[in-house]
Structures are given as structure tokens and as C-alpha cells.
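Residue-level structure breakdown
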Amino acid sequence: MSLAPGQAVRVKLEWPETKGPCHIRTPHYLRGRQGVVERRLGSFANPEDLAFARPAAALDLYHVRFDQPAIWGEGHAGDAIVVELFETWLEPA
Amino acid sequence: MNVLEADSGKLLAAVTALLAQKGIVQPPEIAERIAVTDAANPGQGARMVAKAWVDPAYRALMLEDGSKAAEEIGIPMRGMPPLGVLENTPSLHHLVVCTLCSCYPRAVLGYPPFWFKSAAYRARAVRDPRGMLADWGTPIPENVQLRVVDSTADYRWMVLPLRPAGTEGWDEARLAELVRDGDMIGVTVCKVPS
Amino acid sequence: MSNVLPDHDVPRAHHDMGGVSKFMCDAVDTGDHALTEFDRTVDAVRGLLGAKKVMSVDELRRGIEAIPEAEYHRLSYYQRWIRSIADNLMVRGVITEAELRATLEGL
């Protein structure tokens, strides 16, 4: 999957930490949230496998921008949170 | 008892003894590594910032490829994660946090400070950044947009702060002395001491 | 504000701290806390094990996240690290639990 800057995306609404040992780099507060791709940062080995010393595929990593007040239901209009997210956690919104 | 619940100092002594015995890590390597790590400090990032303030071509390079910009002034980046640089402007302020652990641009700022690793910082920076910054003595004006950068994966992020007023004509070395670690994470802004 | 989701009560991992309510009223301790010799040594051992491909930073994190919550908060930053390093060295088979136990007893 290739995502372009400006594209609307949604973070998958998944909770692997409730299902057993795992290592994930997608913060809890972003699950299911909609954001906008800022840019592709490159391709990096999947940390979810590296953490268990398993063979790790290279995945695209994106900088994704989220509306900050929308996440918390409070805050200052226009403020944003920008987070590095792997392609496997994103779907077109 | 779970062997991992042993006293931390003893655990370190036992681990280093076993690693030496097995020929994996020898004590002189540890001493050398500490010396190398101690050499990375906020003064490195401050040199980059000062150069970017006086040299537009360097500023452009720094925003395009932070790692390359660091290497260009002799900061070792080999084996380090890629460095991204976030530029503050009169209408945009950046704040860096790592809510999942403590990812920090160590190559250019050194060891992460205590506050950066604390639960309060990690919790508040994404949810109440303006309140947290106000407590810090860094109120963000209403007309300035705030961007919190949660460092979750393979990049490390530093902020290129705004050059303070009253520094016209200063050379790089004098400018670099103004820049503190907090300015390059976004918890403080760079100021000329009064 | 339509983006506010109802199911963010889903349990979270204790290291995943962004926005966690119980820390929201804590003041950030902005004081200098100089690193100790222990801290620097643990940091250096981790760096060397990474450079030598004995264990990755991702494995370090996994080991830290596996520390039970109460202990995670009781331990200092580098105390968590040495615990994770020891854990990972055993998982990887670089050292055995029996060796570690015997070495600890011999100190």
C-alpha cells in the first residue's frame, strides 16, 4: 500500500495488547482515529517482529497528522499531533 | 525467587561478568562506550541550530535531512537512527515526546533528561501540551499553532527553535551558547539571558 | 469532536502513557538528575549488545514492557533496562538462568 501526502487515513481499531504478548509502536490513544498523511519517512524493519528476534519485513513508515482536540475532546483548535505509523496500521479513510 | 527480581546493581555485575566470561563484551569496551556516549551532548545540537540561523543553505539541508546536516559539522551519525528536524516559526511551535518509551535524539542532544522519561511528561505532552508548557514557563500564544510530535518509531526528532530577537550580528559560536536542550525539544524557547 | 470514540476504555499496556488520566495532574519534575555510574554502565552494555547484534533496541523495549506494572513504576529507568537485558540474554540463550543465578550467588 502506498499513501500520498494529504491522503486521509484511519488507524486500525485493534487492541493486540489485550490478546497476549506483543510489542507495538502505535499508541493506544490513536486507535481508530482519522488523520492525514504528511509524508512517507522511509522503509524500516517491522518492530513487532524485531522485538521477538523474528525475521522482520521492511514496512513503509509514514508521518501522520491528527487533530489534537478531536482526540481528547478538549484542547486548542488547530493544534495537532504528528506520529510515525507503519503502513500495516493504516487504512484509507 | 524470579532471578530477574535480583537487586539491579547485582544483576548488572552478574551480567557483565558473564558477558566478559563468554567473550562477548569486555570491561574496557564498556569504559570506551561510556566515553563515546558522554561526548554526545546538547552542545552538538546547539551548533547545528546556530549554523542554521546564519546559513540558509545549511538550514535547508537540516530540514531536508537532519542526519546529513549533523554529519556535515562532524557529529557522528553512523549506526544512529535517522534524524528529523522540525522548524518552529512565528506561527508554529513543535513539542517532541515519546509516549511509549523515551526515544530521544541522542546523537545530537546526548542522554535523555530525567523529565523526558517521566510518566507525567509522557502522559501530558499529547493531551494537555499547552497546560504543561505553561507550567514550564513556556506559554504558547493563542495565535500560534502547536504540533506535538510523538516519536514512536525509527526516527528521532529535534526542534529548530526560533532565533531570539536581539542577536543580530552575533556569530555562530555566540549563538550556539544560547541554545539549550529544552529549546530543541520544544519545552522552552530560546532567549537572550537578561 | 465527532472523532471521540467510546471504546477508549479498552485496557492499555502500562508503558503506553499518552494521555493517561492518573498522570495528568502530576507536575513534571524538570530538575537535573545526574546519571550514576550504574546508569551509564547499563546504557553502555545495551549499546554494545546492539552494535554486536546480540540484542536489538526493540527486544530491549519488549523486555521493559514485560515488567509487571507495579515493578515497572518502582524501578528506575536504567533498572528497567538491566532487567530487560538479563531477560533477553536468557531468551536468546546467550546466558542460562542457572548461570545467572550462580553468578549472582557468587558475588
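Everything below is about the structure shown above.
What comes next is a walk through the structure. Counting restarts for each chain: residues are numbered from 1 in the order of the written sequence. The naming scheme follows written order: chains are lettered A onward, ligands numbered 1 onward. For this predicted model, a pLDDT threshold of at least 70 governs which residues receive local features, and a threshold of 80 or more governs which side-chain atom pairs are given and counted, while totals over whole chains, interfaces and linings are taken from all residues. Computation of side-chain values: all heavy atoms of the structure, hydrogens and water removed.

1. Regarding helix α8 (residues 119-127) of chain B
Burial classification: accessible surface area is computed with a 1.4 Å probe over protein chains only, and a residue below 20% of its type maximum counts as buried, one above 50% as exposed, and the rest as partly exposed. Segments assigned H or I by DSSP are reported as helices when at least four residues long, segments assigned E as strands when at least two residues long, and all are numbered from the N terminus. In terms of burial, α8 of chain B is a largely internal element, eight of the nine residues being buried. Buried within α8 of chain B are the following residues: A119, A120, Y121, R122, A123, R124, A125 and V126 of chain B.

2. Quick notes on the sheet that holds strand β2 (residues 34-45) of chain A
Taken in spatial order, the seven strands line up as β5(A)-β1(A)-β2(A)-β3(A)-β4(A)-β3(B)-β2(B) in an open sheet, and their pairing is mixed. Since the sheet does not close on itself, it has two edges, and those belong to β5 (90-92) of chain A together with β2 (92-97) of chain B, each with one partner. Direction aside, the axes of adjacent strands within the sheet are offset by 35 degrees on average. Both strand β1 (residues 8-11) of chain A and β5 of chain A contribute to a ladder of three bridges, which runs antiparallel. Residue pairing for β5 of chain A: V9 of chain A is matched across the bridge by P92 of chain A. Sheet strands touched by α8 of chain B: β4 (80-86) of chain A together with β2 and β3 (145-150) of chain B. Its angle to β2 of chain B, the strand with the most contacts, is close to 150 degrees. Any two strands with at least two DSSP-identified bridges between them are counted as paired. Structural elements are reduced to axes, namely lines fitted to C-alpha atoms, with helices fitted over the stretch in contact, and the angle between N-to-C directions of any two is expressed from 0 to 180 degrees. The contact definition used throughout considers only heavy atoms, calling two residues in contact when any of these lie within 4.5 Å.

3. A word on the packing of aromatic side chains
Here a pair means two rings of Phe, Tyr or Trp (six-membered ring of Trp) with centres within 6.5 Å. Their orientation is stacked below 30 degrees between planes, edge-to-face above 60, and tilted elsewhere. Applying the stated criterion across every chain, the model contains 12 aromatic pairs over all chains. Taking the centre distance of 6.0 Å and the plane angle of 75 degrees together, the rings of Y121 of chain B and W136 of chain B count as edge-to-face. With Y121 of chain B in helix α8 and W136 of chain B in the loop between α9 (129-135) and β3, the pair connects residues that are 15 residues apart, well separated along the chain. By relative accessible area, W136 of chain B is classed as buried at 19%. An angle of 85 degrees between the planes, with centres 4.9 Å apart, marks the rings of Y77 of chain C and Y78 of chain C as edge-to-face.

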